[in-house]
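Report on the structure
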Amino acid sequence: MSTILFSLTANAALLEQNLTEISKISVSYFIDSKNGKDFNNGTHQDSAWKSFRNLSDIKLNQGDSIRFKRGSKFSGTLVIAGSGTKENPIVLSDYGSQDLPAPAFTYTIFNPENNQFGNCIRLKGDFIIVENLYFHDTVADLDEDVGSFLTMWELGAIYIDKNAENCLVRNNEIFNCGVGIKSYGPYAKIENNYIHDCNRILKKWGWGPIAIWLGADHQEVSYNRIINYSAVNPNITWGPNSYGGSADGGAIEIDDARYPKSNIEIHHNFSQNCQGFLEVTWTDVEKNPRYENFSIHHNISDDYQQFIALWRGANCNIENNTIIRRKVNENEWGVFNITQTNSKNKIRKNIIVTEKNVVVFNVGRLKKAKPNSIIENNLYWASADALNIGFEGPGDTPIFSNPKFLRYKKGKNSNDFLLKKNSPAVGLGAL
């Protein structure tokens, strides 16, 4: 009798092991908007679905993937609720000939009552990768009465939700999207995306387009190329006590004062012709949030308005950036606009080149802030007009000299801002 029980127990254990192994087998789903059919099984390139309608009936598991055929076009919101693991993430990617354009996604419907926010892909699970896709012409041009901050914070061609941890968005192209990538997800990584050319008003008449928008801490934004995110319009106003107007938008923004933020790293990005590289706001539905310990390093910015506007943010490291401020439009805040008291941000080893008398260190509209920044070992150069250091002075051991970029006047990509061998800025800046 004991032998039989042992045999049954062993067989049950073996069956459970086999079922576990089967459950670990990943599944790939293929979607081809041109030649697929939604009555196919979707699990092979030759039996691809036409749309992502069937995915609503599927529970994605670790290691599963959704492959969109190159040359396909989609409109609508794809919500991914399943979770992968670090070793076996869920992957949304492309397949097919590289001679065909990347799979294209757009969505222009904005109807908050039906939870439609112009998102193309919305991530609600952990360990999800979105890569090699193309997003274009999503929601912007919203009326001024469309809703509160809480409504606007739901925008984004790619949206990472608040409970979606360890998601990775990489190698995508985003064109003319009012908000490119919005991330509330802890430990998200946004890397090597090309986000470009949106000059539309986001919300009339207060907001311009935003390429990357962060609403939570523990984020990393790196190796992205962000070009031409700026809206210039005389109707953009923020009230009589506001600082600036007539232009808005930018490459990267951090806000949502409901949540304290720390451990955000922004590095090795190239930004050009945007309405500022980084803005960290101080008030929305709450005021004066606790933002601290951001690391902003090895970026190249050739933008309008400012390199960094820190309305809030203490004990941040701003190091080894190459900052070109040669472009001025209707809204101008300087290179650094830091408005807290005794925030002690470290500004070190940056290359700062200005034209048109742009001020380097600004302290807000009232000129009363005393941030007590720790400023060391920066190089300053006015390639045209006067060098206007501003309110905090150049700091310790400054260098006042031409950094000798490889192709400053051309200045179309990051390599143009490489340093010549005889540069006095070797060891400084981003390259």
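Residues numbered from 1 in each chain as written. Predicted model: local features only at pLDDT ≥ 70, side-chain atom pairs only at ≥ 80, totals over all residues. Heavy atoms only, no water.

**Structural notes on the confidence of the model for the protein**
When pLDDT is averaged across the protein, the result is 93; 94% of the residues are at 70 or more. Low pLDDT, under 50, characterises residues 1–10; the stretch is placed with zero contacts to residues that sit more than four places away or in other chains. In this model, residues 14–23 is a region of pLDDT below 50 whose contacts with residues beyond four sequence positions or in other chains number zero contacts. (pLDDT = per-residue confidence, 0-100. Contact = heavy atoms within 4.5 Å.)

**Considering the nonpolar core**
Core analysis: the largest hydrophobic core is formed by 71 residues, its most contacted members being Phe68, Leu92, Phe135 and Phe336. Apart from the residues lying within four places of it in its own chain, the contact partners of Leu92 are Ile66, Phe68, Leu78, Ile80, Ile121, Ile128, Ile129, Val130, Glu131 and Leu133. (Core = buried A, V, L, I, M, F, W, Y, C linked by side-chain atoms within 4.5 Å. Buried < 20%, exposed > 50% of the residue type's maximum accessible area, 1.4 Å probe, protein only.)

**Describing the pattern of salt bridges**
Enumeration over the complete set of coordinates arrives at 17 salt bridges. In this structure, Glu292 engages Arg290 in a salt bridge whose closest nitrogen and oxygen atoms are separated by 3.1 Å. With relative accessibility at 18%, the residue Glu292 sits in the buried group. Taking relative accessible area as the criterion, Arg290 reaches 56% and is therefore assigned exposed. In this structure, Lys327 engages Asp302 in a salt bridge whose closest nitrogen and oxygen atoms are separated by 3.2 Å. Of this pair, Lys327 sits in the loop between strand 31 (322–325) and strand 32 (336–338) while Asp302 sits in strand 28 (residues 300–302), placing them 25 residues apart in sequence. A single burial state applies to Lys327 and to Asp302, both of which are buried. By sharing partners, the salt bridges in this structure join Arg122, Lys124, Glu154 and Asp161 into a single network. (Salt bridge = Lys/Arg side-chain N within 4 Å of Asp/Glu carboxyl O. Helix = DSSP H or I, 4+ residues; strand = E, 2+ residues; numbered from the N terminus.)

**Comments concerning the sheet that holds strand 31**
Read from one edge of the open sheet, twelve strands run 3-6-11-14-17-20-25-28-31-34-37-39, paired in parallel fashion. Bordering the open sheet on either side are strand 3 (73–75) and strand 39 (399–400), each of which pairs with just one other strand. Inspection of the sheet shows strand 14 (residues 173–175) paired to strand 17 (residues 194–198) by three bridges, in the parallel sense. Within strand 17, the position partnered with Phe175 by the bridge is His196. (Pairing = 2+ DSSP bridges.)

**A few points about the sheet that holds strand 38 (residues 388–390)**
Within a sheet, neighbouring strands are paired by backbone hydrogen bonds and run either parallel or antiparallel to one another. With parallel pairing, the eleven strands of this open sheet are ordered in space as 4-9-12-15-18-23-26-29-32-35-38. Here the strands that pair on one side only, and so sit at the sheet edges, are strand 4 (78–80) and strand 38. Within this sheet the neighbouring strands show an average axis-to-axis angle of 10°, counted without direction. When strand 18 (residues 210–214) meets strand 23 (residues 250–254), the two strands line up parallel, connected through four bridges. When the sheet's bridge partners are listed, Trp213 is paired in strand 23 with Glu253. (Axes fitted to C-alpha atoms, helices over the stretch in contact; angles between N-to-C directions.)

**Things to note about the packing of aromatic side chains**
In total, this model carries 24 aromatic pairs according to the counting rule given. On the basis of an interplanar angle of 35° and a centroid distance of 5.5 Å, the ring pair of Phe149 and Trp207 is categorised as tilted. Of this pair, Phe149 sits in helix 2 (residues 149–152) while Trp207 sits in the loop between strand 17 and strand 18, and the two are 58 residues apart along the sequence. With a relative accessible area of 30%, Phe149 lands in the partly exposed category. We classify Trp207 as buried; its relative accessible area is 18%. Connected via pairs of aromatic rings, a cluster forms that spans Phe277, Phe307, Phe336, Phe361, Tyr380 and Phe400. Across from the ring centre of Tyr184, 4.1 Å away, lies the NZ or CZ of Lys162, which sits over that ring. (Phe/Tyr/Trp six-rings, centres within 6.5 Å; stacked < 30°, edge-to-face > 60°. Lys NZ or Arg CZ within 6 Å of the ring centre and 35° of its normal.)

**Observations concerning the pairing of strand 2 (residues 65–69)**
Pairing of strand 1 (residues 28–31) with strand 2 involves four bridges; the strand directions are parallel. For Ile31, the partnering residue across the bridge sits in strand 2 and is Phe68. Direction of pairing for strand 2 relative to strand 5 (residues 90–95): parallel, over a ladder of five bridges. Looking at the pairing, Arg67 lines up with Ser93 of strand 5.

**Let's talk about unusual backbone geometry**
For the bond from Lys204 to Trp205, the omega torsion is -10°, close enough to zero to count as cis. For Asn228, which is not a glycine, the phi torsion comes out positive at approximately 60°. Mapped onto the secondary structure, Asn228 falls in strand 20 (residues 225–229).

**Section: the side chain of Lys261**
Within the element layout of this structure, Lys261 appears in the loop between strand 23 and strand 24 (264–267). In this structure Lys261 is buried but unpaired, with Asp256 as the nearest side chain of opposite charge at 5.4 Å. In this structure the side chain of Lys261 is engaged in a polar contact, spanning 3.1 Å, whose partner is the side chain of Tyr291. Here Lys261 is in contact with Leu214, Gly215, Ala216, Asp217, Ile254, Asp255, Asp256, Arg290, Tyr291, Glu292 and Phe294, once residues within four sequence places are set aside. (Lys, Arg positive; Asp, Glu negative; His and termini not counted. Polar contact = N/O pair within 3.5 Å; in protein donor to acceptor, adjacent residues only side chain to side chain.)

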